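Reading the structure
Here's the letter readout for the chains.
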Amino acid sequence: LDKAQRLVTGKMTALHSSRSITVAIEGNIGSGKTTFLDHFAKTKGIEVIQEPVDMWRNVRGHNTLALMYSDPKRWSFAFQSYVQLTMLDIHTRKQKSLIRMMERSIYSAKYCFVENMHESGNMTDAEYVVLTEWFNWILANQKVQIDLIVYLKTSPEVCQQRIQQRCREEEKAIPLDYLQALHNTHEDWLTHKKFPTPAPVLVLDGDHKLSDMYSVFEENRHKILLGQN
Ligand code: DCP
């Protein structure tokens, strides 16, 4: 039996294999990515890397996430520039386990958030092309490989309820319009393929209540751990 398959069926604890895979979990703000990652983090042999929100909140004492929300026109570029760096750092870290799961990727930062900030007028053309040049250079020169994208497709209304429940200080004033715009950029990229998808996409319905989400994850465990959509 292939090592990855033994891991899926729970019969394996050793972490050495010739082929390791990276799964990126994507979806709107509040779509349930953290719940997904916390669930799979319980499986031996899966290494989970949460998104570095805490780093964005404290760049040598500066909360760039809060700055971005308080004055997007002024701070979107600085914020996304730092997001891109932290995502590159994660993508290029040495993988320690057979399966790596990461929250978001350098791709959604660019194709969903940066695109939206540019389109909505919060990022100037010059700022946008500078970030795009960096992004293109990174893709051409660094290994930012993903084997599977799990797309948690959750309606903006459900995302808004969850954001309100969790009460992250910086996100208090996020309007439904913003979640709708981000939903559209995720759809444009992952469903309509407006931009290249670096891996096959597995779409999961994220609208179920929390207790039912675990069944959705389990029903798809096999595919996810084998990196298939
Ligand atoms: N963010 C951003 N630009 C990015 C990535 C994230 O502006 N390139 C912002 C949006 C959120 C915060 O960072 O305010 C965290 O967003 P995520 O959707 O990545 O993470 P969540 O914790 O909201 O995910 P979930 O609720 O699905 O677990």
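That block above? That's the structure.
Residues numbered from 1 in each chain as written. Predicted model: local features only at pLDDT ≥ 70, side-chain atom pairs only at ≥ 80, totals over all residues. Heavy atoms only, no water.

**Focus on the site of the ligand**
Counted only if it meets this: Nearness is defined per residue: one heavy atom within 4 Å of the molecule or strand is enough. As used in this structure description, the phrase polar contact means that two N or O atoms lie within 3.5 Å; if the pair is within protein, one of them must be able to donate a hydrogen and the other to accept it, and residues adjacent in sequence are counted only when both atoms belong to side chains. Surface accessibility in these figures is a Shrake-Rupley result with a 1.4 Å probe; residues are shielded only by whichever protein chains are displayed. Residues are said to line a cavity or pocket when one of their atoms sits within 4 Å of a point; the points come from a 1 Å grid over protein atoms alone, cavities being sets where a 1.4 Å probe fits but cannot get out and pockets being open sets with protein on both sides within 12 Å along at least five of seven lines. To be counted as sitting in a cavity or pocket, a molecule needs more than half of its atoms within 2 Å of that site's grid points. Numbering of helices and strands runs from the N terminus; a helix is a DSSP stretch of H or I covering at least four residues, while a strand is a stretch of E covering at least two.
The immediate surroundings of the ligand are formed by 22 residues, with Thr34, Glu51, Tyr69, Arg104 and Glu171 found nearest. Note that an oxygen atom of the ligand is positioned 2.6 Å from one of the side-chain N or O atoms of Thr34. Residue Glu103 places a side-chain N or O atom 3.4 Å away from an oxygen atom belonging to the ligand. Here the ligand has 580 Å² of accessible area as a free molecule, and 97% of this is covered by the chains. Because more than half of its atoms lie within 2 Å of the grid, the ligand is assigned to the largest pocket. Elements represented by at least two residues in the shell around the ligand include exactly helix H2 (33-40), helix H4 (64-70), helix H5 (72-92) and helix H6 (106-119).

**Description of the sheet that holds strand S5 (residues 201-205)**
The criterion, for reference: At least two bridges found by DSSP between two strands is the condition for calling them paired. In this description, a line fitted to the C-alpha atoms serves as the axis of each element, helices being fitted only across the stretch in contact, and the angle between N-to-C directions of two axes falls anywhere from 0 to 180 degrees. Working rule for contacts: check all heavy atoms of both residues, and any pair within 4.5 Å makes them a contact.
Across the sheet, which stays open at both edges, the five strands sit in the order S2-S3-S1-S4-S5 with parallel pairing between neighbours. One side of each edge strand has no neighbouring strand; the edge strands of this open sheet are strand S2 (46-49) and S5. Adjacent strand axes in the sheet meet at a mean angle of 20°, parallel and antiparallel pairs treated alike. With four bridges joining them, S2 and strand S3 (residues 99-103) adopt parallel strand pairing. In the sheet register, Ile46 faces S3, and the bridge partner there is Ile99. Packing against the sheet, H2 makes contact with strand S1 (21-26), S2, S3, strand S4 (148-153) and S5, and its axis sits at approximately 160° to S3.

**Let's talk about empty space enclosed by the protein**
Applied cut-off: Grid points are joined across faces, edges and corners, and a volume is the space filled by probe spheres set on the points. Charged residues are taken to be Asp, Glu, Lys and Arg, nonpolar residues to be Ala, Val, Leu, Ile, Met, Phe, Trp, Tyr, Cys and Pro, and polar residues to be all remaining types, Gly included.
If you walk through the whole model with that rule in mind, you get one cavity of 30 Å³ or more. Around the largest cavity, the lining residues are Tyr111, Glu115, Glu119, Thr185, Asp188, Lys194 and Phe195. For the lining of the largest cavity, the secondary-structure elements that each account for two or more residues are H6 and helix H9 (176-190). With three residues, H6 is the single largest residue contributor to the lining of the largest cavity. Residue composition of the lining of the largest cavity, by class: two nonpolar, one polar and four charged.

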